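Each chain is listed here by its residues.
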Amino acid sequence: MAGLSALILLLCAAKDVMPSSSHWKPTWPSYRVPVILPQSTLNLDKPQFDAETKLEVVSPCGPACHKSSPLPTYEEVKNYLSYETLYANGSLTETEVGIYILSNSGEGSQGKTRTKRQIYGYDSRFSIFGKDFLLNYPFSTSVKLSTGCTGTLVAEKHVLTAAHCIHDGKSYVKGAQKLRVGFLKPKLKDGSKGANITSSAMPEKMKFQWIRVKRTHVPKGWIKGNANDIGMDYDYALLELKKPHKRKFMKIGVSPPARQLPGGRIHFSGYDNDRPGNLVYRFCDVKDETYDLLYQQCDAQPGASGSGVYVRMWKRQNHKWERKIIGIFSGHQWVDMNGTPQDFNVAVRITPLKYAQICYWIKGNYLDCREG
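The name given to the protein in an unreviewed UniProt entry is Serine protease 23, and the organism recorded there is Apteryx mantelli. According to the UniProt record, the Subcellular location (unreviewed entry) comment for the protein reads "Secreted".

Here it is in structure tokens:
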């Protein structure tokens, strides 16, 4: 495999899933997912944990900049998808990976910064109140990181978030070694013993219950970048908790093209820092896309970064509607559009390669990661 052009064409080729019926439903495409396997693992020196946490990432490289960039070579992609693993005791390893394309076999093959306020016109965010909403799916999948970001439950013990929430591209942030994940739960009133004394006019008080993180995976594409061009493409990380969280989680999926998204929209919920203690939900249209990024103008504040971007589409194999995480909210970009400055909020797309990598981190078996 000399170059990556043929590989990307292969990975982008989804099966024809459009039903012939006139009652068309937005349907999850079925992708041929590659295999990413560890090749070697080296022990690294313990990190210093001296970086300051930045709750937003700013990059001057917009859609045109990304689209004009040359495709990476196969060796470059292998390097970007290799990863570091940070353990709770502070030890650190680096794992090199190999990328493989398997033949079809059965079912499995089917510059300038702006102010921190990232609000576009009327603030269209919704604060979610009350345990009847906060503790129910899909809002219950959103969790808070002790470093200040948001994450999403994607398996029994795993949380997907943004890499910049734990690593600034050069060093791990303060607090990454003792990283915790917070789950909103009702705050019990002393002596109430369950008596129904809650006023319907007053939202029920909630508190965070915290679980320690056992280990963290960060792709080298982020570590070797500078939170710009190629770096933002790999702004994602996976956290493994020390114990199961016992909540319903949201599966990851390969991001379809924007034109195939229901209404061209995406959704995500996060802990925006201008509304402390509140989970904030929003949805908006995708304005542009590249192979690795989705550009949108969802209202967001620092603290929401790391949120799982999701859509709800028809799963034809299971004959039901299903939500899946198709990206990770990363941050903000100030883009020069034909001489006019324009700003976007950016989400990292889960491509077939990233799906294969994140799925392997979760399951540890590539045979369980053959369909995105």
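Trainee: Which residues make up a positive patch on the surface, and what values go with them?
Mentor: A cluster of basic side chains, namely Lys185, Lys187, Lys205, Lys207, Lys243 and Lys246, defines a positive patch on the protein surface. Relative to the helices and strands, Lys246 is located in the loop between strand S11 (237-241) and strand S12 (265-270). Residue Lys246 is classed as exposed on the basis of its relative accessible area, which comes to 79%.

Trainee: Any chance you could break down helix H3 (residues 74-81) for me, citing the residues and the numbers?
Mentor: Of all the residues in H3, the buried ones are Tyr74, Val77, Tyr80 and Leu81. Here the buried residues of H3 occupy an arc of 120 degrees about the axis, which is enough to place them on one side.

Trainee: Describe the pattern of salt bridges, and please don't skip the residues or the numbers.
Mentor: Any two side chains of opposite charge can pair if their charged atoms end up close together. Going through the model one piece at a time under the given rule, you end up with 12 salt bridges. For Asp288, the salt bridge goes to Lys67, with nearest N and O atoms at 3.0 Å. The exposure class assigned to Asp288 is partly exposed, which follows from its relative accessible area of 22%. We note a salt bridge from Arg265 to Asp285, for which the minimum N-O separation is 3.4 Å. In this pair, Arg265 is assigned in strand S12 and Asp285 in strand S13 (residues 279-289), connecting sequence segments 20 residues apart. Residue Asp285 is classed as partly exposed on the basis of its relative accessible area, which comes to 34%. Through salt bridges with shared partners, one network takes in Glu94, Glu96 and Lys220.

Criteria and cut-off values
- Residues numbered from 1 in each chain as written.
- Predicted model: local features only at pLDDT ≥ 70, side-chain atom pairs only at ≥ 80, totals over all residues.
- Heavy atoms only, no water.
- UniProt positions renumbered as here; feature names shortened; annotations may be inferred.
- Patch = residues over 30% accessible without salt bridge, like charges linked within 9 Å, V, L, I, M, F, W, Y side chains within 5 Å.
- Areas by Shrake-Rupley, 256 points an atom, 1.4 Å probe, with all protein chains shown as cover.
- Salt bridge = Lys/Arg side-chain N within 4 Å of Asp/Glu carboxyl O.
- Lys, Arg positive; Asp, Glu negative; His and termini not counted.
- Charge placed at Lys NZ, Arg CZ, Asp CG, Glu CD.
- Helix = DSSP H or I, 4+ residues; strand = E, 2+ residues; numbered from the N terminus.
- Buried < 20%, exposed > 50% of the residue type's maximum accessible area, 1.4 Å probe, protein only.
- Arc of directions from axis to C-beta.

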